[in-house]
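Now for the letters of each chain:
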Amino acid sequence: MKKMHLSAFLIVFFLLPVFVLAQTEPVDLEMIYKIKQFEKSRSQIEDISFWMTDYLGPRLTASQNKARANEFVKNKFEEFGLSNAVIDPVRPFDRGGWDNKKTYVAMTAPYYCAFAATPVAWTGSTKGLIKGEVVLLDFQSLEDLEQYKGKLKGKIVLMPASDTYEPSFEPMASRYTDEELKEITTESMAGRRRFGNFDFEAWRRARELRRAATDFLVDEGAALIVNSSGEFNVPRSNGANYTAGEKEPVPEINLAVEAHGRMQRLIQHDVPVEMEVEVKNVFSKGEFVNNVMAEIPGTDPELKDEVVLIGAHLDSWHGGTGAADNASGCIVMMEAMRILKELGVQPRRTIRIALWGGEEEGLYGSRGYVEKYIRDPRTLDLKPGFDQFDVYFNMDNGSGRYRGIYLQQNEMVRPVFEAWLAPFENLGCSTITIRNTSGTDHLSFDAVGLPAFQFIQDEIEYDRGYHTLMDTYERLVMDDLKQNALITAALVYLAAQRDEKLPAKPYEKPDPDSQRRRMF
Ligand SMILES: [Zn+2]
C-alpha cells in the first residue's frame, strides 16, 4: 500500500464524518413497515371510493351536491377520529351556485335518437320542452355571422365542431416504462416554455371568436346552443363565465363528438335536422368556496404548531362523479390520514388534511387558504401560517400509482426524498425529477415560496375520462390508490417527525408585475 501523505490523510479523516452526515436522512423503517402492513390488510380504499363517487355524485363548486359532500367529508373525518374537522369558507364565489335538475336531449328528425349530453354549467334553462329545426352556425369570422342576423330567434343552434376527430392508436391506460421514467429526470436548459409548441395565439383567436358568436346568439335570442366536446367520445363538462345576479346565459349543452358530428354532416348534406330538448338549471347567489379540513395534532412542545399539509380537490365537474378528477386524490389523502390515526401516531408537527373547493374554476380553495392563513395577497404581508408551514403534498393526476416525485426545481430537497422514497423502490416509486408539474393546487403554495409537491403518476384513462360523463368509479384502480395512500402516509409522517422543516426554495419577494403576483 502506498504511504498516504499526512495532510491528505487529515483532510479525508475530518471531512469524512461531515460527508457521511450530509448523506444521512433518518428514515423510520419500522413505521414504514407498519404502514405497509396496515394498508395491505386493513385498507378501506374500496369503501371510501364508493362513498366519494357513487354516493356523493358530482361536486361542482358551490352546488347543492358540493355542500352535501362537504358535510359528508367533515363527518367522515370525525368518524376517523381526526381533530378539528371544519368546513372552512375561504372566498366568496362570484359565479354563485348552479345545479342541473333535468337534461333530456334527442334528435327527432330525420329519425329519433336520444343523445347523452351535459349542460354547460352556469347557463340557463330551456323554456320547458322545446322542439325545432337545428341551425348550423357556419362561421370562420365575425363577418360570417351577419348572414344569420334576424334568423335565429327561438332556434336551436349547432355550433361548428371545434376539433376534427382522429382515431387514437394510443393505449387508454399505460404505466411508465423504466426508459420513460429516466427521461423524466432530465432537465432542459431551454427555459420555461409553458405551452411547448402549442399555438397560443391561434387558440386565443378561436376562443375570442367563439365568445363573440355566443354574444351574437344571446342578442339574436337563440333558444339553445349545442356544442361538441372537442375530440372527446363522451360529453365533457365545462362552465360559462358568469357572475351571480347577471341575466341567465342562453342554455347550452355539450354532446359527444359522434352525436354532434352526425347532425353537422346531415345539415351539411341539406337533410333537415330537428331536436327535442329540455334543460332545467337553478342558480343561487351569495355562495362561498369551501375547503374541508381536519388534523392529527402535533405533540412536540416546540414543533406542534408547525403544519405538514396534504390535500386534493373535492370539487369536480358535474357530468360524471369526478372519480379520477379528483375523488381519487381525496380518497388517497383520507386513507393516509386514517392509516396514521389508526396506527396511533403522535406526530411532532400537526398533520392537516385539506380537501379544496373551486380548483376547477382557478385553484380558488387553495389560493383562499393561502390568503387566509399564509399571506395577504394585497399587502403581501406574511401571516403566522407562513413560518408554521412545513410542506404540502397534493394528488391530482388521476388514479394512477405514484412512480416518484417532482422536485418543482427545489434541488435542496432531493437528498431528503431520495432517502424517503428508497423503501418504495420495490413498489416502482423512486424516480425523482427536478421538473415542475403544474395545473393544480400545489401551485398556490409554490407561488409564495413554500415547499409543495406532486407525485409522478401513471396515466390511467385520464386523458379520455377527465371532466366527462365517464369520470366515474370505474376509472379508479384500487391497488394503485392503496399504494399512493401508504406512500403518502409514510412521507407525511417522516416530514412531521423531522428535526428541521423541509428546505424551501430561496424566497424572492415577487415583482408586482410577475405572473406569481397575478396568480392572486
Ligand atoms: Zn383535478
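Now for a quick tour of the structure.

Below, the discussion takes up the coordination of the zinc ion. For the zinc ion, the protein coordination sphere consists of His313 (NE2), Asp325 (OD), Asp396 (OD) and Asp396 (OD), at 1.9 to 2.6 Å. With 4 donor atoms in place around the zinc ion and angles of 52 to 147° between them, the coordination shape is irregular. For the zinc ion, the single-chain donor residues occur in sequence as H-x11-D-x70-D. Of this pair, Asp325 sits in helix H9 (residues 323-342) while Asp396 sits in the loop between strand S14 (389-394) and strand S15 (402-406), and the two are 71 residues apart along the sequence. Of the two residues, Asp325 and Asp396, neither departs from the other in class, the shared state being buried.

Turning our attention to the side chain of Thr431. Mapped onto the elements, Thr431 comes out in strand S16 (residues 431-433). If sequence neighbours within four positions are ignored, Thr431 has contacts with Leu181, Thr185, Arg403, Gly404, Ile405, Leu421 and Ile456.

It is worth spelling out the packing of helix H3 (residues 45-55) against H9 at this point. Following both chains from N to C, one finds H3 and H9 inclined at 135°, their axes separated by 10 Å at the closest point. It follows from the interaxial angle that H3 and H9 lie oblique. Both H3 and H9 take part in a crossing whose hand is right-handed. Where H3 approaches H9, its residues Ile45, Ile48, Ser49, Met52 and Thr53 are matched on the opposing element by Ala323, Ala327, Cys330, Ile331, Met334 and Glu335. Considered class by class, the residues forming the contact of H3 with H9 number 8 nonpolar, 2 polar and 1 charged.

Next up on the list: H9. Counted residue by residue, H9 has 18 buried out of 20 residues, so it is predominantly covered. Looking one or two residues past H9, Gly344 carries a phi angle of roughly 70°, positive in sign.

Right, let's get into the sheet that holds strand S6 (residues 156-158). Spatial ordering of the open sheet is given by S3-S2-S10-S5-S6-S8-S9-S4, a layout of 8 strands whose pairing is mixed. Unpaired on one side and paired on the other, strand S3 (113-114) and strand S4 (117-119) mark the two borders of the sheet. Relative to strand S9 (residues 252-255), strand S8 (residues 224-227) is paired through 3 bridges, and the arrangement is parallel. The partner of Val226 across the bridge, within S9, is Ile253.

Before going further, it helps to examine the environment of Gln483. Its location among the elements puts Gln483 in helix H15 (residues 478-497). As a C-alpha pair, Gln483 and Gly298 span 185 residues in sequence and 25 Å in three-dimensional space. In this structure Gln483 touches Arg401, Tyr402, Leu427 and Cys429, once residues within four positions along its chain are discounted. Polar side-chain contacts of Gln483 include one of 3.1 Å to the backbone oxygen of Leu427.

Take unusual backbone geometry next. With an omega of 10°, the peptide bond between Ala109 and Pro110 qualifies as cis. Phi at Asp270 is positive, roughly 60°, even though this residue is not glycine. Along the chain, Asp270 turns up in the loop between helix H8 (257-268) and strand S10 (274-284). Overall, the relative accessible area of 71% leaves Asp270 in the exposed class.

What follows deals with the nonpolar core. Grouped together as the largest cluster of nonpolar side chains are 70 residues, with contacts concentrated most on Met52, Phe77, Ile353, Phe393 and Phe417. Considering each element in turn, this core owes the most residues, 13 residues, to H15. With near-sequence residues (within four places) excluded, Phe77 lies in contact with Leu82, Ala85, Val292, Met293, Ala294, Met334, Ile353 and Leu355.

Relative to each other, H3 and helix H4 (residues 64-79) sit at 165°, their axes nearing to 11 Å. Comparing the axis directions of H3 and H4 gives the class roughly antiparallel. Where H3 crosses over H4, the handedness of that crossing is right-handed. Contacts from Trp51, Met52 and Tyr55 of H3 reach H4 at Arg68, Phe72, Val73 and Lys76.

Moving on: the sheet that holds strand S12 (residues 307-313). Taken together, the 8 strands give an open sheet; going across it, the order is S1-S11-S13-S12-S14-S17-S15-S16, and neighbouring strands pair in mixed fashion. In this open sheet, the two strands that pair with only one neighbour each are strand S1 (83-92) and S16. Adjacent strand axes in the sheet meet at a mean angle of 25° when their direction is disregarded. Pairing of S1 with strand S11 (residues 288-296) involves 7 bridges; the strand directions are antiparallel. Each residue of the ladder has a partner; that of Asp88, found in S11, is Asn291. Packed on one face of the sheet, H9 meets S11, S12, strand S13 (350-356), S14 and S15 and runs near 145° to S12. Packing of helix H12 (residues 414-421) onto the sheet brings it into contact with S14, S15, S16 and strand S17 (452-457), and relative to S16 it is tilted by some 165°.

So, how was this worked out
- Sequence order as written defines residue numbering, which begins from 1 separately in each chain.
- Reporting of local features is limited, given that this is a predicted model, to residues whose pLDDT is at least 70; pairs of side-chain atoms are given and counted only at 80 or more, and all residues count toward the totals for whole chains, interfaces and linings.
- Side-chain calculation: all heavy atoms of the structure are included, whereas hydrogens and water are not.
- In this listing, donors mean N, O and S atoms no farther than 2.8 Å from the metal, or 3.2 Å for Na, K and Ca; water is missing from the atoms, so a site can look incomplete.
- Any site counts as irregular unless it has four donors with all angles between 85 and 135 degrees, making it tetrahedral, or four or six donors with opposite ones more than 155 degrees apart and the rest between 65 and 115, making it square planar or octahedral.
- Secondary structure elements follow DSSP: runs of H or I of four or more residues count as helices, runs of E of two or more count as strands, with numbering from the N terminus.
- A simple rule labels every residue: compare its accessible area, found with a 1.4 Å probe on the protein chains alone, to the largest value its type can have, and call it buried under 20%, exposed over 50%, or partly exposed in between.
- Residues are treated as being in contact if the distance between any of their heavy atoms lies within 4.5 Å.
- Axes, fitted as lines to C-alpha atoms, cover a helix only where it is in contact. Angles between the N-to-C directions of the axes lie from 0 to 180 degrees.
- Roughly parallel means an angle under 35 degrees; roughly antiparallel, over 145; roughly perpendicular, 65 to 115; everything else is oblique.
- Crossing handedness: left-handed means the near helix sits turned counterclockwise from the far one by under a right angle, and right-handed means the same turn made clockwise.
- Residues are grouped as follows: nonpolar covers Ala, Val, Leu, Ile, Met, Phe, Trp, Tyr, Cys and Pro; charged covers Asp, Glu, Lys and Arg; every other residue, Gly included, is treated as polar.
- Between any two strands, at least two bridges found by DSSP are needed for them to pair.
- Pairs of N or O atoms are called polar contacts if they sit within 3.5 Å, as long as, within protein, a hydrogen donor faces a hydrogen acceptor (for residues adjacent in sequence, only side-chain-to-side-chain pairs).
- Here the nonpolar core consists of buried residues drawn from Ala, Val, Leu, Ile, Met, Phe, Trp, Tyr and Cys, with membership extended through side-chain atoms lying within 4.5 Å.

Geometric descriptors of this kind do not, in isolation, establish any biological role.
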